[in-house]
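Spelled out from the first residue to the last, the chains are:
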Amino acid sequence: MKMIEEAFATNWIAPLGPHVEAFERETAAFAGVKSALALASGTAALHLSAELLGIERGDVVICSSLTFAATIAPLYHKGVECVFADAEPESWNISPKALEAALADCDKRGKLPKAVIIVNLYGQSCDMEPILALCNRCGAPIIEDAAESLGALYKGKQTGGFGKFSVFSYNGNKIITTSGGGMLLSDDEGAMARARFLSQQARDPAPWYQHTTLGWNYRLSNILAGVGRGQMLHIAERVAARRRIFDRYAMELGDIPGISFMPEPEWSRSNRWLTVLTLDEPLSPLSVLEHLSGLNIESRPVWKPMHLQPVFEKARYFTHEDGRDVSAELFRRGLCLPSGSSLTESQQTRVIDAVKENLDRQNKKA
Ligand SMILES: Cc1ncc(COP(=O)(O)O)c(C=O)c1O
């Protein structure tokens, strides 16, 4: 509220202003990159990444299949060929083995990808070292979709600084929010100057409105940047709160036969944006979801992988190993529990009791 009041008091009610500049500076320092650009959404940041990489109709991009559609939507709209790679069971993120197979196939077809889009799912980093090695070998730039992983670490380093371009989202459901917003991050200051230009309607430096190209109106407002700055002061507490919620669910539900929780490899410190569980067959996550819904408790299925989406039914897809489709398995078996940072202990207890009740019933039937 203090920062919003400051925006009003100084009459900076615009898609630029001191909060925008400070939010960018503070976020770049947080992620350990040279430059950050505050935008209206994470999707806008993903779109600008594609523009900056010069991706055009007919180009190939490789993308992690297990994600939300916003990861790939800006590239789909550019008319690129989307090739999807499976998840690895260790982190649920892009499988280096599947990525290697996808790259080899691109090479064989003489169409190396213009970008590899990786996603830090549910607040957990990808295993960056093998991914960077593979992408560097074939010169494919990485777009790191860190929309869900603000505050998460890979080998002790913040996510959001591993891609040629990286993206945060401040959508209403994220660990911190500006009600809606995003950030583009990169060490390439030349490209970021271009991104700034494109995000502000591509106005040439002339005394009149002149355009050698056209751009977009993608900037974040000074008021919302104030909200973001205020929220960023509490990011460590939010991560700690979400991790506590995960630990409690895992402790209280972990002994139920057939239940597991999203793993955290030793190189990762997830922000546990969402607590996600998986159930062994024949236990049904949809049955849990419906039971919770009947008690007015919202839970969500795991993202439906892109290669299973009707819109991508013809896309190439590479699995983690022959005969094993990990992302399809996670979609079939997974469920996201309520995980908001402000969830009280008694609310958590309600969720835990409801999950236990449903799974006891399912286990008796099985
Ligand atoms: C993985 C992922 N990528 C991209 C986005 C898009 O971000 P935004 O909603 O800020 O456009 C989201 C969330 O909405 C997301 O979860």
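None of these values were measured; they are calculated from a predicted model.

Reading the values: the criteria
Residues numbered from 1 in each chain as written. Predicted model: local features only at pLDDT ≥ 70, side-chain atom pairs only at ≥ 80, totals over all residues. Heavy atoms only, no water. Buried < 20%, exposed > 50% of the residue type's maximum accessible area, 1.4 Å probe, protein only. Helix = DSSP H or I, 4+ residues; strand = E, 2+ residues; numbered from the N terminus. Arc of directions from axis to C-beta. Contact = heavy atoms within 4.5 Å. Near = heavy atom within 4 Å. Polar contact = N/O pair within 3.5 Å; in protein donor to acceptor, adjacent residues only side chain to side chain. Nonpolar A, V, L, I, M, F, W, Y, C, P; charged D, E, K, R; others polar. Pairing = 2+ DSSP bridges. Domains from an automatic or database assignment. Buried area = accessible area lost by both parts, 1.4 Å probe. Salt bridge = Lys/Arg side-chain N within 4 Å of Asp/Glu carboxyl O.

1. As for helix H6 (residues 128–138)
Looking only at H6, the buried set comprises Met128, Ile131, Leu134 and Cys135. The arc that holds every buried residue of H6, seen down its axis, measures 135 degrees, which confines them to one face. Among the exposed residues of H6, those oriented more than 90 degrees off its buried face are Asn136 and Arg137. Buried residues along H6 sit in contact with helix H5 (96–108), strand S4 (115–119), strand S5 (142–145) and strand S6 (153–154). Phi turns positive one or two residues past the end of H6, at glycine 139, with a value near 70 degrees.

2. Let's talk about the site of the ligand
Lining the immediate environment of the ligand, one finds 16 residues, of which Thr43, Asp145, Glu148, Ser169 and Lys174 sit closest. One of the side-chain nitrogen or oxygen atoms of aspartate 145 is found 2.7 Å away from a nitrogen atom of the ligand. A distance of 3.1 Å is found between an oxygen atom of the ligand and a side-chain nitrogen or oxygen belonging to lysine 174. A per-element tally of the shell around the ligand places helix H3 (residues 42–52) first, with three residues. Its residues placed into classes, the shell around the ligand shows five nonpolar, eight polar and three charged.

3. Side note on the pairing of strand S8 (residues 165–169)
In terms of burial, S8 is largely enclosed, as five of its five residues are buried. Of the two faces of S8, the one lined by Phe165, Val167 and Ser169 and the one lined by Ser166 and Phe168 are each fully buried. Pairing analysis gives three bridges linking S5 to S8, with the strands arranged parallel. In the strand pairing of S8, isoleucine 143 is matched with phenylalanine 165. The pairing of S8 with strand S9 (residues 182–186) spans four bridges and is antiparallel. Note that in S9 the partner of serine 169 across the bridge is glycine 182.

4. Focus on the environment of valine 302
Along the polypeptide, valine 302 turns up in the loop between strand S13 (300–301) and strand S14 (317–318). Among all residues touching valine 302, those that are not within four sequence positions of it are Leu66, Tyr122, Val276, Leu330, Phe331, Gly334, Leu335 and Cys336.

5. Topic: the sheet that holds S6
Sheet architecture is open: three strands sit in the order S7-S6-S11, paired in antiparallel fashion. Of all the strands in the sheet, just strand S7 (157–158) and strand S11 (268–269) have a single pairing partner and so form its edges. Where S6 lies against S7, two bridges are found, and the strand directions are antiparallel. Looking at the pairing, tyrosine 154 lines up with lysine 157 of S7.

6. Quick look at the domain arrangement of the protein chain
What the domain assignment reports for the protein chain is domain 1 (2–232) and domain 2 (235–365). Across the boundary between the two partners, domain 1 contributes 48 residues, which contact 40 residues of domain 2. Of the roughly 4,000 Å² buried between domain 1 and domain 2 on both sides combined, carbon and sulfur atoms contribute 64%. On the domain 1 side of the interface with domain 2, the three residues burying the most area are Trp92, Tyr122 and Ile175, jointly 22% of the side's total. The interface formed by domain 1 and domain 2 contains three salt bridges. With a shortest N-O distance of 3.8 Å, glutamate 321 and lysine 97 are connected by a salt bridge. Taken together, domain 1 and domain 2 are joined by 25 residue pairs in polar contact (both at pLDDT 80 or more).

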